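# Structural description and commentary
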Amino acid sequence: MKSLSSRAVVAVVMVMMVLMLEAESGADVSSNAVNCSPAGLRPCLPALNSPAPPTSGCCSQLRIQKPCLCGYMKDPNLKTYLSSPNAKKVSTACGVPLPKC
């Protein structure tokens with residue numbers, strides 16, 4: 001039970017970091033048709049932080065945010081998450097290849 005609460009705390013901290021970084025940096029993650037917001041990928045946090053498979057909500061958000069991924073990968077604070085082995089697992093499972101930027 002203790003490990004579950006630790007994971008929950010880690011997930012909350014990661015979401016807060018992403019939101020703070022987004023607001024603070026004003027990262028250039030613009031796209032014509034998509035509102036690029038790393039917070040939109042919140043449904044993917046459990047799959048990025050554990051062996052859990054991505055949910056359909058995660059895959060849906062990943063597809064929506066696909067045009068934004070290069071912008072996210074240019075942000076050193078987000079690149080760590082998007083270049084992790086779990087990110088590759090999530091992108092493969094969702095059928096959304098990670099871009100080569």
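Look up a bit, the structure's there.
Calculation notes
- Residues numbered from 1 in each chain as written.
- Predicted model: local features only at pLDDT ≥ 70, side-chain atom pairs only at ≥ 80, totals over all residues.
- Heavy atoms only, no water.
- Helix = DSSP H or I, 4+ residues; strand = E, 2+ residues; numbered from the N terminus.
- Buried < 20%, exposed > 50% of the residue type's maximum accessible area, 1.4 Å probe, protein only.
- Contact = heavy atoms within 4.5 Å.
- Areas by Shrake-Rupley, 256 points an atom, 1.4 Å probe, with all protein chains shown as cover.
- Core = buried A, V, L, I, M, F, W, Y, C linked by side-chain atoms within 4.5 Å.
- Axes fitted to C-alpha atoms, helices over the stretch in contact; angles between N-to-C directions.
- Parallel < 35°, antiparallel > 145°, perpendicular 65-115°, else oblique.
- Nonpolar A, V, L, I, M, F, W, Y, C, P; charged D, E, K, R; others polar.
- Disulfide = S-S within 2.5 Å.

Bringing the overall build of the chain into the picture now. Looking only at helices and strands, the chain features 6 helices and 0 strands. Ordered by position in the sequence, the α and β elements of the chain form the string α-α-α-α-α-α. In the chain, buried positions account for 35% of the 101 residues. Long-range pairs, those at least 24 residues apart, make up 65% of the contacts in the chain between residues at least 6 apart in sequence. Counting every atom, the chain has about 6300 Å² of accessible surface; 63% of that belongs to carbon and sulfur.

With that settled, consider the environment of Tyr-81. By the secondary structure assignment, Tyr-81 is in helix H5 (residues 76-82). Along the chain, Tyr-81 and Asn-49 lie 32 residues apart, while their C-alpha atoms are 9.2 Å from each other.

This part is about the environment of Lys-100. Along the chain, Lys-100 turns up in the segment after helix H6 (85-94). Linking Lys-100 and Met-73, residues 27 residues apart in sequence, is a C-alpha distance of 9.3 Å.

If you look at the biggest cluster of nonpolar residues, it comprises 17 residues, and the most contacted ones within it are Leu-62, Tyr-72, Val-90 and Cys-94. Only helix H3 (56-65), helix H4 (69-74), H5 and H6 provide two or more residues apiece to this core. The contact partners of Cys-94, leaving out residues within four places of it in the chain, are Pro-54, Cys-59, Leu-62 and Arg-63.

For the pair H3 and H6, the least separation of the axes is 10 Å and the interaxial angle reads 90°. In terms of axis orientation, H3 runs roughly perpendicular to H6. Each of Cys-58, Cys-59, Leu-62 and Arg-63 in H3 lies in contact with H6, whose residues at this interface are Val-90, Ser-91 and Cys-94. Of the residues in the contact of H3 with H6, the class split is 5 nonpolar, 1 polar and 1 charged.

Moving on: the state of the cysteines. In the structure shown here, the tally under the stated rule is 4 disulfides. Through a disulfide, Cys-44 is tied to Cys-58; the S-S separation comes to 2.1 Å. Measuring the twist about the S-S bond at about 105°, one finds the Cys-44-Cys-58 disulfide to be right-handed. Of this pair, Cys-44 sits in the loop between helix H1 (2-25) and helix H2 (45-49) while Cys-58 sits in helix H3, placing them 14 residues apart in sequence. Taken as a pair, Cys-44 and Cys-58 share a single burial class, namely buried. Note that Cys-59 is cross-linked by a disulfide to Cys-94, the S-S spacing being 2.0 Å. When the S-S torsion is -75°, as for the bridge of Cys-59 with Cys-94, the disulfide is left-handed. Here the residue Cys-59 occupies a position in helix H3, and Cys-94 occupies one in helix H6, the gap between them amounting to 35 residues.

Any functional reading would require information beyond the geometric quantities listed.
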